[in-house]
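Below are the chains, spelled out letter by letter.
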Amino acid sequence: MSLTLHNTKTRTKEPFEPGDPSRVTMYVCGPTVYSRPHIGNARPALVFDVLFRLLRSLYGAEHVVYARNITDIDDKINAAAKESGRPIGDITDEFADIYRADLNALGVLPPTIEPHATAHIDEIIAMIEALISSGHAYEAEGHALFSVSAFADYGKFSNRIRDDMIAGARVDVAPYKKDPADFVLWKPSSDDLPGWDSPWGRGRPGWHIECSAMIEKHLGETIDIHGGGHDLIFPHHENEIAQSRCSHDGAELARVWMHNGFLTMDKDKMSKSTGNIVTVHELSQDHAGETIRFAMLSAHYRQPLDWSDDLLAQAKSTLDRIYGTLDKLCRVDAADDAKPSEAFLAALCDDMNTPKAMAELSALCKAANTTTSDEERALVKGQLLTAGAVLGLLQGDPSSWLKGGTSDDDAEIDALVEARTAARANKDFAESDRIRDELAARNITLEDGPDGTKWRRDC
Ligand code: AMP
Ligand code: ZN
């Protein structure tokens, strides 16, 4: 099945062709770790997790290298440390751990590599030195700055004209800049801020150069896929391209650039700066991680998605239906050579059309619920489970899901068990046998013991 992806660079869908199919490389800009991630921050992690899983299934798990970085040096982190009086390293460690745990709860696989910016200061300094030597950057008052006029293609990627770039980047028009659009590669640190010795004095890197240096070190000069939220197109990705191409004789930084759309709440952008957020942690208190994941993937990754209770309720009820079907198939062995259906893969390989792929799951359930053929049931069960694995869904135990997920059902079974206990106490064995048979037909097994009757969903 051939994969087609929308490339931000060309603004079209293109057939995906990795440089080397035995080492498919993907880099996604990761979090700045100073606070809990909100569900909008989880969107790129989730979207690119699905792409990671899809690439693994197409090229073989051992042939895909996925790096998602941790930005652990940033002015927002410094501000959080100052405000809380805590050491910077404590804050970044704590929130990197929380980020991993929150994503794990949403079924996101760990990336192959998780580089930390502060562990790559030598590589960052080396890249800046090379940019200065080749005339693409310069030193000024303890800063190193990228000279945008030295890169003729600057602005082409994000399709910006010069005045927009200056306004959009909110670049400080500092007196030491040769051009107001020049951006920082290195800046000086006062004694109370984290800093490293460099040829330009004690200081710290700018944000953009971190990604360029980490990509070069772990994945190479030209990678297959580079991803992030669409707010990163400018200035972050424009600047990554400028730095990397000027360091590598003009070589392309990424063959395909992919950007997810924004999550909104009450139609306003979800953003830490406005406080219009709900954290992954808060959501996980009230909803299964799989429900949150399903809700997120129910929209195409490039479309905006308005996050709401209705969206979650819809996701939960669809998952209940699918797990209900899998539960009914619990005595059926999935076909040995099971793989996702052509229709499912075609949808996912069409620029990750998850809504269409998920509709295919529902179609499979319908087929399972209507067929009378055991062979078809085995085929459909295999298709459901393998398709679910590519989406990071449906790998749980159906009866546990239904037990945890549909308490009404449990209450009804509890009531039937009690009625049977009462019938037995009244020596009404016909009634108690009838109830036992009714429960057996619903795959409920009863165990009578000294502490009363326990029930379990069975297979
Ligand atoms: P940050 O930690 O703010 O740098 O954001 C980490 C990632 O989350 C970036 O790729 C952002 O583009 C992405 N992001 C932030 N807010 C949203 C949102 N509301 N919807 C989708 N992606 C977002
Ligand atoms: Zn980046």
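Quick caveat: nothing in here was measured; it's all calculated off a predicted structure.

Peer 1: In this structure, what is going on with the domain arrangement of the protein chain? I would like to understand it.
Peer 2: Interface size, as often reported, equals the accessible area lost upon joining of the parts. Each assigned domain of the protein chain is listed here: domain 1 (4-260), domain 2 (268-401) and domain 3 (403-457). Both faces combined, the contact of domain 1 with domain 2 buries some 2,800 Å², and carbon together with sulfur accounts for 66% of it. Considering only the side of domain 1, the residues that lose the most area to domain 2 are His 38, Ile 39 and Arg 43, jointly responsible for 25% of the buried surface there. Linking domain 1 with domain 2 are 2 salt bridges. Of the charged contacts, one joins Arg 293 and Asp 49 as a salt bridge, the two residues approaching to 2.7 Å between their closest N and O atoms. The tally of links from domain 1 across to domain 2 stands at 13 residue pairs in polar contact (both at pLDDT 80 or more). Every element with two or more residues in the side of domain 1 that touches domain 2 is listed here: strand E1 (4-7), helix H1 (39-59), helix H3 (88-105) and strand E10 (254-260). The element that contributes the greatest number of residues to the side of domain 1 that touches domain 2 is H1, accounting for 14 residues. When its residues are assigned to classes, the side of domain 1 that touches domain 2 shows 15 nonpolar, 10 polar and 6 charged.

Peer 1: Teacher, can you tell me more about the packing of aromatic side chains here?
Peer 2: By convention here, two paired aromatic rings are described through the distance between centres and the angle between planes. A full pass over the atoms with the stated rule returns 7 aromatic pairs. Relative to Trp 257, the ring of Phe 157 has its centre 4.9 Å away and its plane inclined at 55 degrees; by these criteria the two rings are tilted. Taken as a pair, Phe 157 in the loop between strand E6 (143-146) and helix H5 (162-169) and Trp 257 in strand E10 lie far apart in primary sequence, 100 residues in all. The burial state of Phe 157 is the same as that of Trp 257; both residues are buried. Through successive ring pairs, a cluster of aromatic residues spans Phe 146, Tyr 154 and Phe 183. We note Lys 272 situated over the ring of Tyr 34; from NZ or CZ to the ring centre the distance is 4.9 Å.

Peer 1: Even after reading the chapter, I still don't get the sheet that holds strand E4 (residues 64-68), so can you show me in this structure?
Peer 2: Paired through backbone hydrogen bonds, the strands of a sheet run either parallel or antiparallel to each other. Pairing is parallel across the open sheet formed by 4 strands, whose spatial order is E4-E3-E9-E10. For this open sheet the edge positions go to E4 and E10, each flanked by a neighbour on one side alone. Pairwise comparison of adjacent strand axes, ignoring direction, gives a mean angle of 20 degrees for this sheet.

Peer 1: What should I look at first to understand unusual backbone geometry in this one?
Peer 2: That bond from Phe 234 to Pro 235 is cis: its omega, 5 degrees, falls within 30 degrees of zero. Relative to the assigned elements, Pro 235 resides in helix H7 (residues 233-247). The phi dihedral of Asn 159 falls on the positive side, at around 60 degrees, and the residue is not glycine. Take Asn 159: it is sitting in the loop between E6 and H5.

Parameters at a glance
Residues numbered from 1 in each chain as written. Chains lettered and ligands numbered in written order. Predicted model: local features only at pLDDT ≥ 70, side-chain atom pairs only at ≥ 80, totals over all residues. Heavy atoms only, no water. Domains from an automatic or database assignment. Buried area = accessible area lost by both parts, 1.4 Å probe. Salt bridge = Lys/Arg side-chain N within 4 Å of Asp/Glu carboxyl O. Polar contact = N/O pair within 3.5 Å; in protein donor to acceptor, adjacent residues only side chain to side chain. Helix = DSSP H or I, 4+ residues; strand = E, 2+ residues; numbered from the N terminus. Nonpolar A, V, L, I, M, F, W, Y, C, P; charged D, E, K, R; others polar. Phe/Tyr/Trp six-rings, centres within 6.5 Å; stacked < 30°, edge-to-face > 60°. Buried < 20%, exposed > 50% of the residue type's maximum accessible area, 1.4 Å probe, protein only. Lys NZ or Arg CZ within 6 Å of the ring centre and 35° of its normal. Pairing = 2+ DSSP bridges. Axes fitted to C-alpha atoms, helices over the stretch in contact; angles between N-to-C directions.

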